[in-house]
Amino acid sequence: LIFNRLLPWERTVRPRFVIVGAGKQSRLLAQRIAAHGDEVILLDRNTDRLAAVEAMGLPFVEGDATDLDVWPTLEPELIRAVAVMLPDDEMDLEVSRLARTELGVQRVTARVQDVTLTQRFTDLGVRVVSPSLSPIVELEYLLLYPRAASLMADLEDEHDVAEVRLTCADLANRPLRDLDLPEGVMVVLVRRNGDVIYPRGDTQFQLGDRLTLLGSLTGARELVRHCQRLPEAV
């Protein structure tokens, strides 16, 4: 993260990610987002975690995320997405509701411990991640796509997982084996019209597919940029 601390200075307006909660997993998530060059802020009323946050070089805002008066400090109009990771599901729900309905944040994701509460979050338009289901998802990867699962388990800082919508025609309607992808990058999942496809050499992508990529940071970012190119006008 780069902060302008000298005056006079010209402010650069950048969208930011806000992570509510500054526990260990929240800090690790913030660190990975910051590694992409994106701005990320941790929001928590528990100042006991401040030392750990500062040790990782991450910005921290003290405050109760359920209090609407706290959010102006974070400039809601610049918030790109919010991740809610508090230890209490009811608090997570309240923060999610505030972010979606009061602040108008479009992309809100919450960590929900009790899967029976999932519907209450999704009714708000909030995406849900459930730790209780994550081992099932990991086993699914191991059983159905062992090579990708092995790589994901061994991810280091210089590797990345990304999802992108395919809008460039040169990668569509051709077998995967014939595509010139960046070295060290794999397409591990394809989501199409609600279906999940595990691609093989003869798999052909279609415009509008959502591709899950796995590989080096530079290679994954290069492929994301390529996939998002708009079709050339005829």
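Just so you know, these numbers come straight off a predicted model, no measurement behind them.

K.L.:
Quick question: what am I supposed to make of the environment of A220 here?
P.N.:
For A220, the location among the structural elements is in helix α7 (residues 217–227). Placed 34 residues apart in sequence, A220 and M186 show a C-alpha to C-alpha distance of 8.6 Å.

K.L.:
Would you mind showing me how to read the sheet that holds strand β4 (residues 79–84) here?
P.N.:
Within a sheet, each strand pairs with its neighbour through backbone hydrogen bonds, oriented either parallel or antiparallel. Taken in spatial order, the six strands make up an open sheet running β3-β2-β1-β4-β5-β6, and their pairing is parallel. Strand pairing shows two members of the sheet lacking a second neighbour, β3 (60–62) and β6 (127–129), which therefore form its edges. Across the sheet, the mean angle from the axis of one strand to that of its neighbour is 20°, orientation sign disregarded. Across three bridges, the pairing between β4 and strand β5 (residues 108–111) is parallel. Counted as the bridge partner of A83 is T109 from β5. Contacts from helix α1 (residues 24–35) reach β1 (16–20), β2 (39–44), β4 and β5, with the element oriented near 165° to β2. Sheet strands touched by helix α3 (residues 89–102): β1, β4 and β5. Its angle to β5, the strand with the most contacts, is close to 180°.

K.L.:
Please clarify how the side chain of E39 should be interpreted in this entry.
P.N.:
Among the structural elements, E39 can be located in strand β2. Look at E39 and you get buried, because its relative accessible area is 11%. Polar contacts involving the side chain of E39 include one to the side chain of R16, which spans 3.5 Å.

K.L.:
Got a minute to help me understand the pattern of salt bridges in this structure?
P.N.:
Should their charged atoms come close, side chains of opposite charge can pair. Overall, the coordinates contain nine salt bridges when judged by the stated rule. Ionic pairing is found between R16 and E39, a salt bridge with its closest N-O pair at 3.5 Å. Taken as a pair, R16 in strand β1 and E39 in strand β2 lie far apart in primary sequence, 23 residues in all. In terms of burial, R16 and E39 fall into one category: buried. Between R120 and E90 there is a salt bridge, and its shortest N-O distance comes to 3.2 Å. Placement of R120 in helix α4 (residues 118–122) and of E90 in helix α3 is noted, with a sequence separation of 30 residues between them. Classification of R120 as partly exposed rests on a relative accessible area of 40%. By relative accessible area, which is 42% here, E90 ends up partly exposed. Here the residues in one salt-bridge network are R16, E39 and E75, joined through shared partners.

Definitions and limits used
- Residues numbered from 1 in each chain as written.
- Predicted model: local features only at pLDDT ≥ 70, side-chain atom pairs only at ≥ 80, totals over all residues.
- Heavy atoms only, no water.
- Helix = DSSP H or I, 4+ residues; strand = E, 2+ residues; numbered from the N terminus.
- Pairing = 2+ DSSP bridges.
- Axes fitted to C-alpha atoms, helices over the stretch in contact; angles between N-to-C directions.
- Contact = heavy atoms within 4.5 Å.
- Buried < 20%, exposed > 50% of the residue type's maximum accessible area, 1.4 Å probe, protein only.
- Polar contact = N/O pair within 3.5 Å; in protein donor to acceptor, adjacent residues only side chain to side chain.
- Salt bridge = Lys/Arg side-chain N within 4 Å of Asp/Glu carboxyl O.

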